[in-house]
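# Close look at the chain arrangement
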Amino acid sequence: MGKGNDLISLEDVSKRYPNGTYALRDIDLHIEAGEFVFAVGSSGAGKSTLNRLLIREELSTNGRVVVDGQDVGRMTPGKVPHLRRKVGIVFQDFKLLQTKTVYENVAFALVVTGHGHRVIREETERALALVGLTPRRRHFPRELSGGEQQRTAIARALVMRPKILVADEPTGNLDPVTTWEIIKLLVRVNEMGTTVLIATHNAEIVNALRRRVIHLDHGRIIRDEREGLYAA
Amino acid sequence: MTRLTYILGAAWQGFWRNPVMSMASTFTVALMLLLFAFFLIADRGLQSAVSLLESKVELVGYLSDDAAVSEILDLKARIERDPAVSSVTYVSKDDALARLRELSEQRADLGPVEDIGVNPLPASLEVKLRSAQESRRVAEEMRAEVGSGVVTDVVDNPQVVDKLLTITRVLSFGGFAVLGMMLLVALFVIVNTIRIAVHARRDEIEIMKLVGATNWFVRWPFILEGMLVGAFGAAVALAALMAASGPVTNALIGFLDILPVSLGPNFIGQLAAGVLGFALLVGAGGATISVRTHLAK
Ligand SMILES: Nc1ncnc2c1ncn2[C@@H]1O[C@H](COP(=O)(O)OP(=O)(O)OP(=O)(O)O)[C@@H](O)[C@H]1O
Ligand SMILES: [Mg+2]
């Protein structure tokens, strides 16, 4: 948690939504490259908001958010796309396009960031193989199970080879077997060098993995442990 | 390459996703373009007519029989110095009589010119003008000379040109007003078409932005879709013009007979290019307005 080589650092960050809700308060958080971090806390604690600040989907009200050396709040609008290519996010609601197949959904990230045919094909196949969805490539999201949709969303985040992978509640509503498959996948991604931040309610996986745990409560960090458990 | 394929594909799909709306805006644009083309044609026709008449416009200053040659040459030189004047011709008394004889030989109804011993016709200076707008001023200046012993009378005949210029002015003013209104209508329709297209693709746009697409990548398909509406509108308008050009030319032939106006050899090409260029500009402009307001943030 040293300062020099932080990949992500939040200093004294607060987030107040326009309706007056304080989703985050006085957050100090430093994450180094290669870490695997759980953000836990009850519903409404501010986990998704924290994720949104990292890709400038929302701006912090106070404080400084720095990702890979860049001040997220101060960057010009033109730099935002480059930030978002570095931070792959798996959204809590997946955000898959219903009219596109699994392959097209994953390839979409590469297509709209202006990559060439060959890169798109090769990287999409790689990402699909990584999440084990190659046999489902031609299916539409509505034809997939919850876990398969989740893995499609993960593949889309990974296809850009981001430095940071942020997964918001990646095991919500999944059965224990599928949950473990997803978690094993995220651990593998981390082992391949990607920094992983997972927001979750799932006490079982947090307790089993014994990784760094950041505990949010009403927008504040009330606990930050190296090999933490879900509850103190 | 992939970018281009994506952007073009998205624009094309966008156009056909809501065909009724796209057709409606295409025809609105076509209507505006027809009006635009009509004004271009009318403007060009009137311009040719005016310049044709201008080349014939003459002021004639009749000269006193008592005027000395040096005075006449002096006056001629002074008139020639006026930048609005293209040439001044001296017509002597003998020249005038010769012309009259020639005319009477061509026109039997006038009867022969009898030799009456003296020549009653005055000498004159015939002034050709570069621009019809100046004829009044030059005529006034020449009239000021009347009474000084050289010029006895000044005759000008610019009424036809004056009228034509008035028509041109009224037409261009009215034309601009009508065209301006049509332009607003066309823009309004395009802005709405693109707004609906943006709305239909809002999920896709959200994800594009979140995975790091640049704003231009998000915007270009819509701007191209607007240009597509413009291009289709131009095609419809030009096709309608082509279809109408035969009958309309026939109907105008009487008018054109009186005023042998040529629109110029390249006019059709210029007109098509002008209409298409204007259409693309309006399409892209409308789409940009829409995209800027609906994709803000
Ligand atoms: N767009 C928004 N506008 C206003 N308030 C919001 C908005 N998004 C979230 N909030 C509020 O901010 C607080 C934190 O929300 P957030 O979504 O970050 O929580 P969370 O920890 O992700 O919850 P969950 O575990 O249920 O996903 C909540 O009180 C929520 O109501
Ligand atoms: Mg959340």
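All values reported here derive from a predicted model rather than from experimental measurement.

All names here are of chain A. An order of β2-β1-β4-β5 is seen for the 4 strands of this open sheet, with the pairing classed as antiparallel. Taken across any chain shown, the strands that pair with only one partner, and hence form the sheet edges, are β2 (22-32) and β5 (70-71). Here 7 bridges tie strand β1 (residues 6-16) to β2, and the two strands are oriented antiparallel to one another. Following the sheet pairing, L10 is matched in β2 by L29. In the packing of helix α1 (residues 47-54) onto the sheet, contacts are made with β1, β2 and β4 (62-67), and the angle to β1 comes to roughly 120°.

Moving on, we get to the pairing of strand β6 (residues 87-90) of chain A. Residue and element names in this part refer to chain A. Alternating residues of β6 divide into V87 and I89 and G88 and V90, and every residue in both groups is buried. The sheet contact formed by β6 and strand β7 (residues 164-168) spans 4 bridges and is parallel. Its bridge partner lying in β7, I89 is registered against V166.

With 22 residues of chain A in contact, the opposing surface of chain B contributes 16 residues. Together, R84(A), F108(A) and V112(A) form the three largest contributors to the area buried by chain A at its contact with chain B, with a combined 30%. There are 1 salt bridge connecting chain A and chain B. Between K95(A) and E206(B) there is a salt bridge, with the nearest N and O atoms lying 2.8 Å from each other. Across the contact surface, chain A and chain B share 3 residue pairs in polar contact (both at pLDDT 80 or more). Those elements giving two or more residues to the side of chain A that touches chain B turn out to be α2 (80-86), α3 (102-111) and α4 (117-131) of chain A.

Under the counting rule described, the total for this entry stands at 26 salt bridges over all chains. Between E204(B) and R201(B) there is a salt bridge, with its nearest N and O atoms 3.4 Å apart. Each of the two residues, E204(B) as well as R201(B), counts as buried. Salt bridges sharing partners connect three or more residues here, namely E11(A), R64(A) and D71(A).

Time to look at the packing of aromatic side chains. Geometrically, a pair of aromatic rings is defined through the distance of the ring centres and the angle of the planes. Residue and element names in this part refer to chain B. Evaluated as defined, the whole model comprises 9 aromatic pairs over all chains. Summarising the aromatic geometry, the rings of W12 and F232 are spaced 6.3 Å apart at their centres and angled 65° between planes, so their arrangement reads as edge-to-face. Of this pair, W12 sits in helix α1 (residues 2-17) while F232 sits in helix α8 (residues 215-258); the two residues are 220 residues apart in sequence, bridging distant segments of the chain. Judged by relative accessible area, which is 46%, W12 ranks as partly exposed. Relative accessible area serves as the criterion here: at 28%, F232 is assigned to the partly exposed category.

What follows is about the pairing of strand β9 (residues 212-217) of chain A. Residues and elements named next belong to chain A. Counting buried residues along β9, 5 of its 6 residues qualify, which places the element largely inside the surrounding structure. Pairing geometry for strand β3 (residues 36-40) and β9, over 4 bridges, is parallel. Bridging across to β9, F38 finds its partner in V213. In terms of strand pairing, β9 meets strand β10 (residues 220-225) through 5 bridges, oriented antiparallel. What sits directly across from I214, in β10, is D224.

Residues and elements named next belong to chain A. Spanning 15 residues, α4 covers 21 Å between terminal C-alpha atoms, matching the ideal 21 Å at 1.5 Å per step. Three or more residues of α4 are buried, namely I120, E123, T124, A127, L128, L130 and V131. Buried residues of α4 fall within an arc of 155° about the axis and therefore sit on the same side. Downstream of α4 by a residue or two, G132 has a phi angle that is positive, lying close to 75°.

Residue and element names in this part refer to chain B. In this model, helix α3 (residues 69-81) (13 residues) spans 18 Å end to end at C-alpha, consistent with the 18 Å of a helix rising 1.5 Å per residue. Every buried residue of α3 is listed here: I72, L75, K76 and I79. Along the long axis of α3, the arc covered by the buried residues comes to 100°, so they all point the same way. Among the exposed residues of α3, those oriented more than 90 degrees off its buried face are S70, L73 and R81. On the buried face of α3, the contacting elements are β1 (58-63), β2 (85-91), β3 (124-129), α5 (135-143) and β4 (151-156).

Criteria and thresholds
Residues numbered from 1 in each chain as written. Chains lettered and ligands numbered in written order. Predicted model: local features only at pLDDT ≥ 70, side-chain atom pairs only at ≥ 80, totals over all residues. Heavy atoms only, no water. Pairing = 2+ DSSP bridges. Helix = DSSP H or I, 4+ residues; strand = E, 2+ residues; numbered from the N terminus. Contact = heavy atoms within 4.5 Å. Axes fitted to C-alpha atoms, helices over the stretch in contact; angles between N-to-C directions. Buried < 20%, exposed > 50% of the residue type's maximum accessible area, 1.4 Å probe, protein only. Buried area = accessible area lost by both parts, 1.4 Å probe. Salt bridge = Lys/Arg side-chain N within 4 Å of Asp/Glu carboxyl O. Polar contact = N/O pair within 3.5 Å; in protein donor to acceptor, adjacent residues only side chain to side chain. Phe/Tyr/Trp six-rings, centres within 6.5 Å; stacked < 30°, edge-to-face > 60°. Expected span 1.5 Å × (residues − 1). Arc of directions from axis to C-beta.

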